[in-house]
Amino acid sequence: MATVVVGVTGGVAAFKAPIVVREFQRAGHDVYVAATRASLNFVGRSTWEGITSRPVAVDIAGEGRAEHVELARIADLIIVVPATANTLARLAGGFADDMVSLTVLACAAPVVVAPAMHSNMWLAPATQENVRLLRERGVHIIEPDAGALGSGDSGVGRLPDPVLIARRALAVLQQHRDAQTPLPLAGRTVVVTAGGTREPIDPVRFLGNRSSGRQGLAIAAAAARAGARVRAITANVDDSVANTLPDGVEVTRVGTALQMRDATMEQVRGADALIMAAAVADFRPEQAQTSKMKKDPTTQDAPTLRLVRNPDILAQVGHSSIRPPLVIGFAAETGTDEEIIAFGADKATRKGADYIAVNRVGDRVGFGNVHNDIRLLDASGALVDRYAGSKDDIAAGLIAQLATFLANLKR
Ligand code: C5P
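Residue positions are counted from 1 within each chain, in the order its sequence is given. Totals for whole chains, interfaces and linings use all residues, but because this is a predicted model, local features are given only for residues with pLDDT of at least 70 and pairs of side-chain atoms are given and counted only at 80 or more. Side-chain metrics in this entry use all non-hydrogen atoms of the structure; hydrogen atoms and water are not considered.

If you check an unreviewed UniProt entry, the protein appears there as Coenzyme A biosynthesis bifunctional protein CoaBC from Schaalia meyeri.

Given below as structure tokens:
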């Protein structure tokens with residue numbers, strides 16, 4: 001809930017201002033009205049007092065003297081609707097001899113102004129200059145619409161739909177609040193691996209897996225939205241998926257497990273957290289052929305692939321001196337609930353991870369563009385939380401949890 005001060009000035013469009021007030025009230029906000037004397041010819045005191053159940057602020061002198069400062073002090077948002085050409089000039093000039101301009105001048109809250117007037121007045125260079133000046137000072141201007149005007153003429157200058165005006169003003173309020181709330185991962189660096197590694201057999205073939213990288217990238221995006229500096233290491237992620245990352249995420253592209261190991265060891269330096277969401281191949285062909293393997297037309301023989309183990313990146317980081325304070329591994333498992341939880345807990349311990357996010361995979365579950373269901377376990381196997389839903393929802397839940405873990409760790 002917020003306190004919204006609605007400043008009403010003397011144009012014929014003032015008759016729409018009560019609807020703006022109603023919309024704020026319907027959204028649960030507390031509304032005070034400040035009106036210029038001229039505006040009372042359009043909408044009278046009794047209307048305002050009836051709608052808001054409190055006196056309308058008009059007079060500065062005498063008993064109203066403290067009130068203007070009070071309104072400016074309590075306002076979380078001021079909206080001037082409608083704003084006449086005269087009021088725009090007064091706001092631009094810093095006047096303070098009516099309750100509306102004075103409240104705006106005295107207030108540190110965001111200001112929204114919705115001008116409405118005859119098109120000649122709107123287009124007049126003086127008005128346009130005043131609007132430019134106000135914008136430059138951070139005032140949010142809701143541009144007038146074109147259409148029928150109070151004078152009977154038509155042109156630009158009409159007050160937009162009051163419901164839309166209220167919505168725009170509330171968006172400004174929300175933006176302002178978001179900007180003031182420190183993001184939970186501000187100042188943190190998070191490394192996220194995503195996608196599936198491919199281990200070359202020859203120049204055209206590889207051993208791969210079905211990971212699309214969607215879950216890992218959703219986590220990287222959620223971390224960035226939470227204010228973290230994000231280093232994403234992606235293996236074979238389709239551009240259509242990779243392009244969903246917000247600007248500012250640093251991306252290192254790799255192909256194989258060995259490349260991912262090298263990139264991860266480099267990127268985790270100085271990081272606060274590593275989230276190892278990539279599906280890393282456990283084995284690779286011992287020797288990738290330099291030319292395409294051919295079948296011998298004279299026999300039915302097939303070659304035998306000799307595989308060797310890939311390094312376990314998570315375990316390598318988890319047990320190293322460059323281990324970030326928080327390490328989360330992923331485990332894609334098949335089996336019953338009890339089995340996948342047991343596998344997950346064992347994995348966390350072996351790999352030196354603090355937590356392990358276990359998801360069940362199989363036909364149409366886990367991989368690709370589908371919903372997911374993840375259990376977050378600590379290294380003792382205890383269930384910390386469970387996230388189900390879209391990969392974005394899961395990422396948001398996991399990142400909120402990560403922010404809590406980091407906040408609770410001693411720096
Ligand atoms: O042992 P498993 O492959 O099921 O473990 C999965 C977790 O370990 C994931 O976080 C994955 O990114 C990581 N991993 C790894 N290096 C490997 C294999 C898996 O870092 N070679």
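(A) Quick peek at the packing of helix H1 (residues 17-26) against helix H2 (residues 45-52). Think of each axis as a best-fit line through the C-alpha atoms, taken over the contacting stretch in the case of a helix, with angles from 0 to 180 degrees between the N-to-C directions. To qualify as a helix, a DSSP run of H or I must reach at least 4 residues; to qualify as a strand, a run of E must reach at least 2; elements of each kind are numbered from the N terminus. Between H1 and H2, the least distance of the axes is 11 Å, while the angle of their chain directions is 10°. Relative to H2, the element H1 lies roughly parallel. Facing Ala17, Pro18, Val21, Arg22 and Gln25 of H1, the residues of H2 in contact are Thr47, Trp48, Ile51 and Thr52. Classification convention: Asp, Glu, Lys, Arg as charged; Ala, Val, Leu, Ile, Met, Phe, Trp, Tyr, Cys, Pro as nonpolar; all other residues, Gly among them, as polar. Residues belonging to the contact of H1 with H2 are distributed by class as follows: 5 nonpolar, 3 polar and 1 charged. Each angle is binned into one of four classes, with values under 35 degrees roughly parallel, values over 145 roughly antiparallel, values of 65 to 115 roughly perpendicular, and all other values oblique. Contact definition: two residues touch when any of their heavy atoms are within 4.5 Å.

(B) Quick peek at the sheet that holds strand S3 (residues 77-83). By this definition, two strands are paired if DSSP reports at least two bridges between them. In spatial order, the strands read S2-S1-S3-S4-S5; together these 5 strands make up an open sheet with parallel pairing. Whereas interior strands pair on both sides, the edge strands pair on one side only; in this sheet they are strand S2 (30-35) and strand S5 (140-141). Alignment of strand S1 (residues 3-8) against S2, held across 6 bridges, turns out to be parallel. From the neighbouring strand, Val6 faces S2, where its bridge partner is Val33.

(C) Highlighting the nonpolar core. Joining through side-chain atoms within 4.5 Å is the link that ties buried Ala, Val, Leu, Ile, Met, Phe, Trp, Tyr and Cys residues into a set, and such a set is a nonpolar core. The buried label goes to any residue with under 20% of its type's maximum accessible area, the exposed label to any with over 50%, and the partly exposed label to all in between, with areas taken from a 1.4 Å probe on protein chains only. Core analysis: the biggest nonpolar cluster contains 39 residues, and Leu185, Val190, Ile399 and Leu402 have the highest contact counts within it. Apart from residues no more than four positions distant in its own chain, Ile399 is found in contact with Leu185, Ile219, Ala222, Ala223, Ala226 and Ile275. In this structure, Val20, Ala35, Ile51 and Leu77 belong to the second largest nonpolar core, which totals 32 residues.

(D) Fine view of the site of the ligand. Here, proximity means that at least one heavy atom of the residue falls within 4 Å of the molecule or strand. Neighbouring the ligand are 13 residues; Met276, Ala278, Leu314, Phe330 and Lys347 lie closest to it. Any N or O atom pair separated by 3.5 Å or less is treated as a polar contact, with the protein-specific requirement of one donor-capable and one acceptor-capable atom, and with residues adjacent in sequence counted only for side-chain atom pairs. At 2.9 Å from a nitrogen atom of the ligand is found a main-chain nitrogen or oxygen belonging to Pro311. One of the backbone N or O atoms of Ile313 is found 3.0 Å from a nitrogen atom in the ligand. Computed with a 1.4 Å probe, the accessible areas rest on the Shrake-Rupley method; for each residue, only the protein chains presented here act as cover. A total of 450 Å² of accessible area belongs to the ligand in isolation, and the protein chains cover 88% of it. A majority-of-atoms criterion places the ligand in the largest pocket. Those elements that provide at least two residues to the shell around the ligand are helix H12 (313-318), strand S16 (326-333) and helix H13 (337-351). Both cavities and pockets are sets of points on a 1 Å grid over the protein atoms alone; in a cavity a 1.4 Å probe fits but cannot get out, in a pocket the set is open with protein on both sides within 12 Å along at least five of seven lines, and lining residues sit with an atom within 4 Å of a point. Criterion for pocket placement: a molecule counts as inside a cavity or pocket if more than half of its atoms are within 2 Å of its grid points.

(E) Molecular detail of the packing of aromatic side chains. Note on ring pairs: Phe, Tyr and Trp rings are taken, using the six-membered ring of Trp, and paired if centres are within 6.5 Å. Classes follow the plane angle, with under 30 degrees stacked, over 60 edge-to-face and the rest tilted. For the structure shown, the criterion picks out 1 aromatic pair. Taken together, a centroid distance of 3.9 Å and an interplanar angle of 10° make the contact between Tyr355 and Phe405 stacked. Here Phe405 lies in helix H14 (residues 391-408) and Tyr355 lies in strand S17 (residues 355-360), a separation of 50 residues in the sequence. A residue is classified by how much of its surface remains accessible, and Tyr355, at 16% relative accessible area, is buried.

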